[in-house]
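Chains, contacts and geometry: an overview
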Amino acid sequence: MTSTAMRTHLCGQLRPTDVGERVRLCGWVASRREHGEHLAFVDLRDHSGVTQCVVDGSVDVRNEWVLRIEGTVRTRPADKENAEIPTGAVELADCTVEVLNRADPPPFAVDDRTDSDEAVRLKYRYVDMRRPRMQANLRLRARVLGAMRRAMDRQGFAEIETPLLWTPTPEGAREFVVPSRLHRGECYVLPQSPQIAKQLLMVSGFDRYFQIARCLRDEDLRADRQFEFTQLDVEMSFASDVDVQAAVTEAVVDATEAAVGDRPGTVGRITWHEAMDRYGTDKPDLRFGLDLVDLGPVFAGTEVKAFQAGCVKGFGVPGGAALGRNRLDALVDRAKALGAKGLAWFKVAGADGAVVLESPLDKFLSDDERAGLVAGTGTGPGDLILVVADEWRTVCTVLGAVRLELGRIPVGEGERRFCWVTEFPMFDGLDEAGNPVAAHHPFTMPHPDDLALMASDPLQVRSQAYDLVLNGWELGSGSVRIHREDIQRQVFDALGITPEEAELRFGFLLGAFRYGAPPHAGFAVGVDRLVAILCGEENIREVIAFPKTQSGTDPMTGAPKAVAPHALRDLGLQLIPRTD
RNA sequence: GACGCGUUAGCUCAGCGGGAGAGCACCGGAUUGUCGAUCCGGGAGUCACGGGUUCGAAUCCCGUACGCGUCGCCA
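Residues numbered from 1 in each chain as written. Chains lettered and ligands numbered in written order. Predicted model: local features only at pLDDT ≥ 70, side-chain atom pairs only at ≥ 80, totals over all residues. Heavy atoms only, no water.

**Quick look at the overall build of chain A**
Secondary structure assignment for chain A yields 14 helices and 22 strands. Across the 580 residues in chain A, those meeting the buried criterion constitute 47%. The contacts of chain A with a sequence gap of at least 6 include a subset with a gap of at least 24, amounting to 66%. Roughly 28,500 Å² of accessible area belongs to chain A as shown, and the carbon and sulfur atoms make up 51% of that amount. Where the 67 positive side-chain charges of chain A centre and where its 86 negative ones centre are 5 Å apart. (Helix = DSSP H or I, 4+ residues; strand = E, 2+ residues; numbered from the N terminus. Buried < 20%, exposed > 50% of the residue type's maximum accessible area, 1.4 Å probe, protein only. Contact = heavy atoms within 4.5 Å. Areas by Shrake-Rupley, 256 points an atom, 1.4 Å probe, with all protein chains shown as cover. Lys, Arg positive; Asp, Glu negative; His and termini not counted. Charge placed at Lys NZ, Arg CZ, Asp CG, Glu CD.)

Here it is as structure tokens:
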């Protein structure tokens, strides 16, 4: 698998068992150490590692030149072994060096010891990817994709491609527009996801579909977001949420094992409401505690104005009493920035059962409240208690952010805790017109127990939408889809979408549904995020071969660029100069 | 669109109101066991760009560009 007509071994392969063999290696010069006319060392590197080659004479080579070296494997002299590298017990002797290609000095060193500015790395991405870190990341990504594909295949899913040139579907993410040459003035768009196409495949009878699909969204970029990203896209007919979750779990667990060697533990389940209540977020990081607790009963009849609110929650921070005033002030500022009126803190002090709290608010507390606060948060001397009072949603969100601030574990450390978050709300607040805003897409099936609330109290309606979360990152989402026209109409009604409007936007899908739509459900896993976490990278650009910068440019190619005037003419387009 | 941080040699960075610096890389020389080899020598700069303050600006102020992070946005 490694030998070719040009080489017999890889540079990281040779061991003492190979001693005596005449071998040929190909690779790049990682370093060269000359000792005069009679001795020189050349470290030859490929993706597998480095081999030291001993040249009896001087060699005219430079870093990153491409060489083929033929030599005989021998054990290194006593005391000259290099324990730092896997090939360190041997070296290549009696070498003949063939220069396959010279190279300019690289713009930065091809190693993991220093990290260049990302713009420079992206400009010379082909050099950057020669570094062990990028080689490891992209090869791990390849193993993840392979394992996912095998897992889906094994479970009987058919891989089907869907169009990249799709039709505009207003709403949702901003779409990349592709002007049509043959139909002047009209456009395709690049798909935000294969969502509608895969639902059509269900109508066609492909009861288990998957695709490793590229999705494109013209929205602002982030550490965990690129214009184009890769999803493991899945849809199943005659199946419910638990079936989809089981199939996807299989794929991500296999992928994790293929990537890092061990299978993650049980994938937990938690409802959206419980996730918000306990962790203050819909994508909880389960690797650490600091669970939020309800302090409502403690302050039920309180005199403390700040705690007279619909919801009072908090949590204890073990050892947190050591936090300095600056740090606490920063936390209070953060809480206020997130919409809380404040963040109350109490340092637990004292001993022998006597509860002593240090806090600006302490003098307003009753003895019962002091005791209840400490008991409720399970804290003791040396710990810190943080409390927020407001309406439930604000309390949870603010405490969730503070919890992360205090407990967050770097992405590359600790265990991997997958978790399904279920029963998301159907709607997410109201828009300017007073209509509820769909939290997922409008084909998401409401929770069967909440159908009666659709007209009367839509914001209380739960949906059959679910997310997969790993260590505080949203890995993907999915739902049971609506396959019945009457329920679809109810949802459109609730969203304020008229039948005419629905026909205009999704007519072809609704039409297809009249020809025998099976019950179906699906999911999509964000592959870039999963791979980033498995690589221990905070940023998905580190697991993408040719990513864009935060402003959507490619420093290597210079894209985006103006196109030639004749290209615009062919499309019937004219540029409007910027006026700002 | 908003806020924050950054931009000094090919790369990583120090310098923060008065001489443009270091390590690595690069070029030349020395060197028979190095492994980020070592030693000697050398070349290398629009201090991102524009404006302002000042006797004097890499340094202080304003603006712009670019990069990164966060918010908005991502049904």
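**Examining the nonpolar core**
Ranked by size, the top nonpolar core spans 66 residues in total, and within it Val144, Met148, Leu232, Val248, Leu468 and Leu530 carry the most contacts. Tallying contributions element by element places helix 5 (residues 241-260) first for this core, with eight residues. In contact with Val248, not counting residues within four places along its chain, are Val234, Trp420, Leu468, Phe523 and Val525. Counting 22 residues, the second largest nonpolar core, distinct from the first, contains Leu323, Leu331, Leu384 and Val402. (Core = buried A, V, L, I, M, F, W, Y, C linked by side-chain atoms within 4.5 Å.)

**A look at the sheet that holds strand 21 (residues 473-480)**
Strand order in the open sheet formed by eight strands is 6-9-10-22-21-20-17-11, with mixed pairing between adjacent strands. Both outer strands of the open sheet, strand 6 (158-159) and strand 11 (268-271), are each paired with one neighbouring strand and no more. Where strand 21 meets strand 22 (residues 520-526), five bridges bridge the pair, whose relative direction is antiparallel. Among the inter-strand pairings, Val480 is bridged to a residue of strand 22, identified as Ala521. Against the sheet, helix 13 (residues 527-535) makes contact with strand 10 (228-237), strand 17 (418-422), strand 20 (465-470), strand 21 and strand 22, and its axis sits at roughly 145° relative to strand 21, the strand it touches most. (Pairing = 2+ DSSP bridges. Axes fitted to C-alpha atoms, helices over the stretch in contact; angles between N-to-C directions.)

**As for the pairing of strand 20**
Within strand 20, six of the six residues are buried, which leaves the element mostly enclosed by the surrounding structure. Covered by surrounding structure in strand 20 are Ala465, Asp467 and Val469 together with Tyr466, Leu468 and Leu470, the residues of both alternating faces. Taken together, the six bridges between strand 20 and strand 21 define a ladder with antiparallel strand orientation. Counterpart to Val469 in the pairing with strand 21 is Glu474. Between strand 20 and strand 21, which pair antiparallel one after the other, the connecting turn spans two residues, and Asn471 there sits at a positive phi close to 50°.

**Digging into empty space enclosed by the protein**
Going through the model one piece at a time under the given rule, you end up with one cavity of 30 Å³ or more. Estimated volume of the largest cavity: approximately 50 Å³. In this structure, the largest cavity is lined by Pro425, Met426, Phe427, Ala438, Ala439, His440, His441, Pro442, Thr444, Ser463, Val491 and Leu495. (1 Å grid on protein atoms, 1.4 Å probe; cavity = no way out; pocket = protein on both sides within 12 Å on 5 of 7 lines; lining within 4 Å. Points joined across faces, edges and corners; volume = space filled by probe spheres on them.)

**Let's talk about the environment of Leu384**
As for its position among the elements, Leu384 is in strand 16 (residues 384-390). A C-alpha to C-alpha distance of 31 Å links Leu384 and Gly265, two positions 119 residues apart in sequence. Discounting chain neighbours no more than four positions away, the residues touching Leu384 are Phe315, Gly316, Val317, Gly320, Ala321, Leu323, Leu328, Trp345, Phe346, Lys347 and Thr379.

**As for the protein's contact with RNA strand B**
As a matter of local geometry, RNA strand B sits amid 46 residues, with Lys80, Glu91, Asp117, Glu219 and His440 nearest to it. Taken together, the sugar and phosphate atoms account for 46% of what RNA strand B places within 4 Å of the protein. The separation between a phosphate oxygen of RNA strand B and a polar side-chain atom of Arg62 is 3.2 Å. In this structure, a phosphate oxygen belonging to RNA strand B sits 3.0 Å away from a side-chain N or O atom of Thr549. Here the surface near RNA strand B takes three residues from strand 1 (residues 22-34), the largest share from any one element. Residue composition of the surface near RNA strand B, by class: 11 nonpolar, 16 polar and 19 charged. (Near = heavy atom within 4 Å. Polar contact = N/O pair within 3.5 Å; in protein donor to acceptor, adjacent residues only side chain to side chain. Nonpolar A, V, L, I, M, F, W, Y, C, P; charged D, E, K, R; others polar.)

**Re the pattern of salt bridges**
Scanning the entire structure with this criterion turns up 52 salt bridges. Taken together, the shared-partner salt bridges connect Asp112, Asp115, Arg121, Arg125, Asp128, Arg131, Arg133, Glu537 and Glu542 into one network. (Salt bridge = Lys/Arg side-chain N within 4 Å of Asp/Glu carboxyl O.)

**Some remarks on the packing of helix 6 (residues 272-279) against helix 9 (residues 392-407)**
Between helix 6 and helix 9, the least distance of the axes is 7 Å, while the angle of their chain directions is 60°. Judged on the interaxial angle alone, helix 9 and helix 6 are oblique. Contacts between helix 6 and helix 9 pair Trp272, His273, Met276, Asp277 and Tyr279 from the former with Trp392, Arg393, Cys396, Thr397, Gly400 and Arg403 from the latter. Classifying every residue of the contact of helix 6 with helix 9 gives five nonpolar, three polar and three charged. (Parallel < 35°, antiparallel > 145°, perpendicular 65-115°, else oblique.)

**Concerning the environment of Asn435**
Along the chain, Asn435 falls in the loop between strand 18 (427-430) and strand 19 (436-438). You can call Asn435 partly exposed: its relative accessible area is 23%. As for Asn435 and Ala465, which are separated by 30 residues in sequence, their C-alpha atoms are 20 Å apart. Setting aside residues up to four positions removed in sequence, Asn435 forms contacts with Gly429, Leu430, Ala494, Leu495 and Gly496.

**Looking at the sheet that holds strand 15 (residues 356-358)**
What holds strands together in a sheet is hydrogen bonding between their backbones, with the strands either parallel or antiparallel. Taken in spatial order, the five strands make up an open sheet running 12-13-16-14-15, and their pairing is antiparallel. What marks the edges here is a single partner per strand, and that holds for strand 12 (293-294) and strand 15. Of the strand pairs in this sheet, strand 12 and strand 13 (residues 311-317) are connected by two bridges, and their pairing is antiparallel. Looking at the pairing, Asp294 lines up with Lys313 of strand 13.

**Some remarks on the state of the cysteines**
Per the counting criterion, the structure on display carries zero disulfides. Looking at the unpaired Cys26, the closest cysteine sulfur is the one in Cys11, lying at 7.8 Å. (Disulfide = S-S within 2.5 Å.)

**A few points about unusual backbone geometry**
For the bond running from Ala559 to Pro560, omega is 0°, close enough to zero to count as cis. Take Pro560: it is sitting in the loop between helix 13 and helix 14 (565-571). If you check the backbone angles, Glu423 has positive phi at about 55° while not being a glycine. Its location among the elements puts Glu423 in the loop between strand 17 and strand 18.

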